[in-house]
Amino acid sequence: TECVSGCVCPQGLYDDGRGGCVERKDCPCVHNNQWYSSGQKIAVDCNTCTCQKGVWSCTEYTCYGTCTIYGSGHYITFDGKFYDFDGNCEYVATQDFCGDKNSSGSFSIITENVPCGTTGVTCSKAIKIFLGKTELKLENKDYQEVQRDVGDDVQYWNRTVGLYLVIEASNGVMLIWDKKTTVFIKMTPDYKGKVCGLCGNFDDKTSNDFTTRNGLQEGNALKFGNSWKQSPTCPDVTYEVKPCDMKPHRRSWAQKECSIIKSQVFQICHSKVNPNPFYDACVHDACSCDSGGDCECFCSAVAAYAQECIKAEACVFWRTPDIC
């Protein structure tokens, strides 16, 4: 729609929307309110799109899915649904043992949540990964391996990348841990629609992500989350904790600190990734972490937004000597 002929350009040429007149083959393309010239390429997730005569032409690879768990109970499912769930127990983050009697399954990832601060919100303290007969436990900035008697052999590799520990398994599952409260779980498209847990079912639809352990659709995050607890003796979560209401004196500090997400620093990303849910999660965490670790909670929340920005090709250098 931007490349139009009209009385502003000589016959046969088109107004390119930027004050120039171009031939049809040189019409630009628009993505996220930015202009791209013909022939320019951009990356969208794992695909490359090329601007051709004003229209985008994209490769059609299926991409890895990513589920993010960070801070005090914030979840972004494989299909991109945001929700909060604060439970003090072990929960199934994702697994491929999903209801079908014949599904033997090859992996399960469990998150152990414990209170962080005095307001009752919980953070992920430890992650357990079951890969065939291998069990890995990630805790206290380190991980240990336990061999069990049952299960297949699933190979895995580990490496450290910057702040993160990366565990990559031969079955197409990858886990990235910041050694604190943030976990990214990635998996190949082969698992689409075949996984279940707090990370949803990875079928490209957010509407059915709240599927409980017994296969029912829930509208409520608390009932959905409670169904995935590992131990029946843990109490159910019955209400949503609002730490800023309980600690009103922390609210203005939290809003001031977290305003970086909505500030000029991240401006390049705002049109690509909506900052509002990340800002709300940041304020929630900054209010709740009141027994030490205040900055760690705030930094994890901002880093989660920065990570989504990087996926959308908006690199932001936000850490400074004063901030995180």
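Residues numbered from 1 in each chain as written. Predicted model: local features only at pLDDT ≥ 70, side-chain atom pairs only at ≥ 80, totals over all residues. Heavy atoms only, no water.

1. Topic: the nonpolar core
Counting residues in hydrophobic clusters, the biggest one holds 43 residues, and the most contacted among them are Ile109, Ile129, Leu175, Ile185 and Met187. By residue number, the principal contributor to this core is strand S13 (residues 122-131), which donates 4 residues. Counting 29 residues, the second-largest nonpolar core is a separate cluster that includes Cys244, Ala281, Cys309 and Trp318. (Core = buried A, V, L, I, M, F, W, Y, C linked by side-chain atoms within 4.5 Å. Buried < 20%, exposed > 50% of the residue type's maximum accessible area, 1.4 Å probe, protein only. Helix = DSSP H or I, 4+ residues; strand = E, 2+ residues; numbered from the N terminus.)

2. So, the pairing of strand S5 (residues 41-44)
Summarising the sheet, S5 and strand S6 (residues 47-52) pair through 4 bridges and their orientation is antiparallel. Along S6, the bridge assignment pairs Ile42 with Cys49. (Pairing = 2+ DSSP bridges.)

3. Structural notes on the packing of aromatic side chains
For the structure shown, the criterion picks out 12 aromatic pairs. Ring plane angle 90 degrees and centroid distance 5.2 Å describe the contact between Phe85 and Tyr91, whose orientation is recorded as edge-to-face. Across this residue pair, the class does not change: Phe85 and Tyr91 are buried. Grouped by ring-pair contacts, the aromatic residues Tyr75, Tyr83, Phe210 and Phe224 constitute a single cluster. Directly above the aromatic system of Tyr14 lies the positively charged group of Arg24, at a separation of 4.5 Å from the ring centroid. The residue whose ring lies beneath Lys81 is Phe210, and the NZ or CZ to ring-centre distance is 4.7 Å. (Phe/Tyr/Trp six-rings, centres within 6.5 Å; stacked < 30°, edge-to-face > 60°. Lys NZ or Arg CZ within 6 Å of the ring centre and 35° of its normal.)

4. Comments concerning unusual backbone geometry
For residues other than glycine, phi is negative in most cases, and the peptide bonds are mostly trans. Unlike most non-glycine residues, Asp45 shows phi in positive territory, near 55 degrees. Relative to the assigned elements, Asp45 resides in the loop between S5 and S6. Of note in this structure, Lys179 is not a glycine but carries a positive phi near 65 degrees. Mapped onto the fold, Lys179 is located in the loop between strand S18 (173-177) and strand S19 (183-187). Exposure remark for Lys179: the relative accessible area of 25% places this residue in the partly exposed category.

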